[in-house]
Amino acid sequence: MDTSSFQFVLFGLAAALVSNFSRSRVWRSAVLLASSLVFLGLLAHNPLVFIPLAGFLLLGYGGLLLLERGRSKSEVWSILTVLFAYIWLKKYTFLPESIFLHSPYFTLGLSYIFFRVLHLLIEAGDRSEKRHIGPGAYLLYTLNFTTLLSGPIQRYDEFARDQFAQEPIPLGPRVMGLQLERIVRGFFKVNVLAMLFDMARADALTQISQPLPLSLKLYAAFRLALVYPLFLYANFSGYIDIVIALARLMRVRLPENFARPFSASSVLEFWNRWHITLSTWLKTYVYNPLLVALMRRIQPAALQPFLGVFCFFVTFFLVGVWHGRTSEFIIFGVMTGGGMSVNKLWQLGLVRGLGRKGYRGLSDQPAYVAFGRGLNFIWFAFTLFWFWASWMQIDTIFAALSVSQWLGVWLAAWLSATLLLALWEWLRVVLLSIKTAEGPVLTSRYARVVYASALGLIAFVLTVLLNQPAPGIVYKAF
Amino acid sequence: MIPSRAVNAAEEKEAMLPRRDWILLPAIGLLTIGLLAGSTEFLARRMFYESKTGVASCMVLNDPTTGARGIANAVCRGKAPESEWTEYRFNHCGHRAGMECAPKQPGVYRIVMIGSSVAMGEYVQREKTFAALLPSELARLTGRKVELYNEGMGWGFSHSTTLRFKDALQAQPDLILWVLTHEDVARAPVVLPTADLDPNAGVSFSAKAWLRAHDIFAGKSIMDGVAGVFGHTRTALLLRHFLYRSQSQYVKSYLLGSNAGFLRTELDAGWKARLKEFDGDATEIEGRSKMAGVPFAAVFVPIHSQAAMVSAGAWPPGYDPYTLDNAMRAIIVSHGGTYLDILPDFRSIPDPGRYYMPVDGHPNAQGHAVYTVLIAKELASGAIPALRAAVQPQGAPERAK
């Protein structure tokens, strides 16, 4: 089952419907567990391929039990073991090939299960008052089909609060309508917008290495530079929209993962708006502990601001490396971490040069914000080349134009991104300013019905069309 | 026990919807869908107008002794959704040749071209077809006076071509040029188009609606059924027309279909059987040419998906755009003919999609211009001694733009 398909949405809606047959938490948990197991079964038909995943879950649960029983010394070992098992199962290329399992096995969603298991282990080790998480709750939390494959990464407490509540959170017609509208919006993003952006990327990639006139090559490079972040946003946030809405229909609130990320005017702000649950997780469990530890060891006050810079680098280097197992992702990590650090240094430099007030004044300047927004966008786009392309493709792409031509392309991309994002922000403000007594017209339920109907129709039609083969030479003229 | 979390502001407004909204909201939804669907279909019908008549009005489609053929001295006009208005004028021999079927003039090198709709230049004004452009291009390259008599015919696949081949020999050719597409293999035995006609053609609107509704529920899946019905709308054509301008999307969509078997690395049993039938027809055509002492050449012109794959230089594992090209070359050469291979030239042609009608698949006028350059280059390369160019031509398809 494709995770953003009609089938997935229908499956989720069916699970939500059955889940609402009773308000009992036992019933809702049973339905969620059954749905999650069925979902796994739909993703892979041979039960044997789940054995490594089951082993990973068992390993995590074993560690959790030890910590719950007060063996706090086992925390580090449990975490290291889970970390190694994850790297081994994901076949990170820096490990020798010979140690990997060579029969096929299921790893979809393992990255997110890994975060959930680590979160449980760290929390269990750190808690002064111990709590017990039963195997059923553990499985529900780690295998929840709404968050299994691409997050969002939910904290256990938040999950348990909704899932095991005696009185489930309310679900009336208004909320249901909002969730259905969100599913349609997500479906449209994934199946229409993302598809169109990916199409543009694939065509530009082909054209950049073809014998085209320079102007067309530059245009292909320009599209290649700009289009992938848009694809990724539409694809990922669309999927997140669908699962958040499905979970809400099952009376569980998942955390938001995106907050209009391309409105961010700096790299630092961007990572507060993009894949929020991942960066929050890493800030909680990597950045903060690392910063505290370094501040304890490195005393000079003059150095302390730079410790934050270093911690940002480490944290967001890990963000990059976590995304994939090949050397491209190391570069992606270096760039992501490097971007954060340089941005932090820039911020520190400006504060030192202009003073806090001066810096704040500059940050409020519309032009500064607009150019910062554009710069953040193209920096993200640039780093993403090491996210989506192989070394061979990267080589082909960058060899297609000279250094000065590429600089020109990125400059044009920066200016275009600045202009278009500023225009978008302005349009958004203008549209939302059209209000009635109940609030902005655009977010009224009537407007939502209009655009959900339109987006739904377009998404349905395009999905149907693109799942059909293109005709060959058509002979119907006769 | 874990207490329920305080609900957020939006959810606190969990008051029942006003009663009117239970009617109003679905009505707004339906109205939106109706208006959007209706206006798009209206727009699509305006943008992609299709005439009721076309080249079929000038053709005899039910004579099994000749296959589909043109009516002598017939003239008709037609427009496919993606094409311009096109005139089809047949001479007194029933050919869209742009000249009468008369004996050739002394000193003129006459090429008689056979093939199906691509050779005939369907949906393209005759003067823009490669049949019309090749003589001057060849004359430029070779310095010879060349004329091309076009006997290409819609639905003139390989077996049908054998039925009318005597006409080609009677036209006093110095060279017979067979223009092949993958359809010549796929539909090798087809003589009359009736088998491929819309089974619902001529049926009343209500009966057609019923049949299509039946298709939805009798089909393999509801999605397939919906797609089958929706595929008949002009909206589908409009969307496909724009989506298929993307080469990556077109190739992806094309490879989903069962027609794409000829692009696989290994042809399946069905394609092998059809190749065998094609081989039988090629044996006959080439044998009769040889007996008549007329040199014979064949050129395989790629369809959109093939050209796009070759141009991109990359295709999914298990596929190879050259598979059928190689198989056809082997057949043509094995019977003593000359095979003009223009497919590799598409490696240096970026974005070949602009040379085809995106949905229909036939080459457009620009495509015919590209074919002209490539075929002329091959003919003048020395493969046909009588047409050897004084100076070897350089492949310059961009000139055709």
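Rules of the game
Residues numbered from 1 in each chain as written. Chains lettered and ligands numbered in written order. Predicted model: local features only at pLDDT ≥ 70, side-chain atom pairs only at ≥ 80, totals over all residues. pLDDT = per-residue confidence, 0-100. Contact = placed C-beta atoms within 7 Å. Domains from an automatic or database assignment. Nonpolar A, V, L, I, M, F, W, Y, C, P; charged D, E, K, R; others polar. Axes fitted to C-alpha atoms, helices over the stretch in contact; angles between N-to-C directions. Helix = DSSP H or I, 4+ residues; strand = E, 2+ residues; numbered from the N terminus. Parallel < 35°, antiparallel > 145°, perpendicular 65-115°, else oblique. Left-handed = near helix turned anticlockwise from the far one by under 90°. Pairing = 2+ DSSP bridges. Buried ≥ 20, exposed ≤ 12 C-beta atoms within 10 Å, placed from the backbone. Arc of directions from axis to C-beta.

All names here are of chain B. Per-residue confidence for chain B gives a mean pLDDT of 87; residues scoring 70 or more make up 86%. Across residues 1-8, confidence stays below pLDDT 50; counting only partners more than four residues off in sequence or on other chains, it has 16 contacts. Of the regions scoring below 50 in pLDDT, residues 396-401 engages in twelve contacts with residues more than four places distant in sequence or in other chains. Scoring of the predicted complex yields 0.87 for pTM and 0.83 for ipTM.

Residues and elements named next belong to chain A. The domains assigned to chain A are domain 1 (21-163), domain 2 (173-258 + 437-466) and domain 3 (261-432). Contact with domain 1, which involves eleven residues of that partner, is made by eight residues of domain 3. Here the residues of the side of domain 1 that touches domain 3 are counted per class, giving five nonpolar, four polar and two charged.

Looking now at the packing of helix α4 (residues 74-89) of chain A against helix α5 (residues 110-126) of chain A. Residue and element names in this part refer to chain A. Relative to each other, α4 and α5 sit at 175 degrees, their axes nearing to 10 Å. In terms of axis orientation, α4 runs roughly antiparallel to α5. The residues of α5 that touch α4, namely those facing Glu-75, Ser-78, Ile-79, Val-82, Tyr-86 and Leu-89, are Leu-110, Phe-114, Val-117, Leu-118, Leu-121, Ile-122 and Gly-125. Here the residues of the contact of α4 with α5 are counted per class, giving ten nonpolar, two polar and one charged.

Looking now at the domain arrangement of chain B. All names here are of chain B. Here the domain parsing of chain B yields domain 1 (106-193 + 258-400) and domain 2 (196-250). Counting residues at the interface gives nine residues for domain 1, matched by nine residues for domain 2. Its residues assigned to classes, the side of domain 1 that touches domain 2 shows five nonpolar, three polar and one charged.

This brings us to the packing of helix α8 (residues 173-208) of chain A against helix α9 (residues 214-249) of chain A. Residues and elements named next belong to chain A. The N-to-C vectors of α8 and α9 enclose an angle of 155 degrees; their axes lie 6 Å apart at closest approach. Regarding the angle of α8 to α9, the classification is roughly antiparallel. Seen along the crossing, α8 lies across α9 with a hand that is left-handed.

All names here are of chain A. With respect to the helices and strands, the residue Ala-452 is situated in helix α18 (residues 445-466). In sequence terms Ala-452 and Leu-178 are 274 residues apart; their C-alpha atoms lie 10.0 Å from each other. Residues contacting Ala-452, with those up to four places away along its chain left out, are Glu-181, Val-184 and Arg-185.

Residues and elements named next belong to chain B. Ordered by their spatial adjacency, five strands build an open sheet running β6-β5-β7-β8-β9, and the pairing between neighbours is parallel. Two strands close off the open sheet at either side, each with one partner strand: β6 (146-150) and β9 (338-340). Recorded for the sheet is a direction-independent mean angle of 25 degrees between the axes of neighbouring strands. Relative to β9, strand β8 (residues 296-300) is paired through three bridges, and the arrangement is parallel. Looking at the pairing, Val-299 lines up with Leu-340 of β9.

A separate point is unusual backbone geometry. A cis amide bond links A:Gly151 with the next residue in sequence, A:Pro152, at an omega value of 5 degrees. Inspection of the secondary structure assignment puts A:Pro152 in the loop between α6 (135-143) and α7 (156-163). Of note, the phi angle at A:Arg251 is positive, near 70 degrees, even though the residue is not glycine. What makes A:Arg251 buried here is the crowd of 22 C-beta atoms within 10 Å. A positive phi is found at B:Gln172, a non-glycine position, where the angle reads about 55 degrees.

This paragraph deals with α7(A). Residue and element names in this part refer to chain A. Listing the buried residues of α7 in full gives Phe-159, Asp-162 and Gln-163. Viewed end-on, α7 has its buried residues packed into an arc of 90 degrees, placing them on one side of the element. Turning to α7, the residues buried within the fold contact α2 (25-43) and α6.

Residue and element names in this part refer to chain A. Within the element layout of this structure, Arg-174 appears in helix α8. Here Arg-174 falls in the partly exposed class, since 18 other C-beta atoms lie within 10 Å of it. With 271 residues separating them along the chain, Arg-174 and Arg-445 place their C-alpha atoms 8.6 Å apart.

Attention now goes to the pairing of β8(B). Counted residue by residue, β8(B) has five buried out of five residues, so it is predominantly covered. Burial along β8(B) is two-sided: B:Phe296, B:Ala298 and B:Phe300 facing one way and B:Ala297 and B:Val299 facing the other are all buried.

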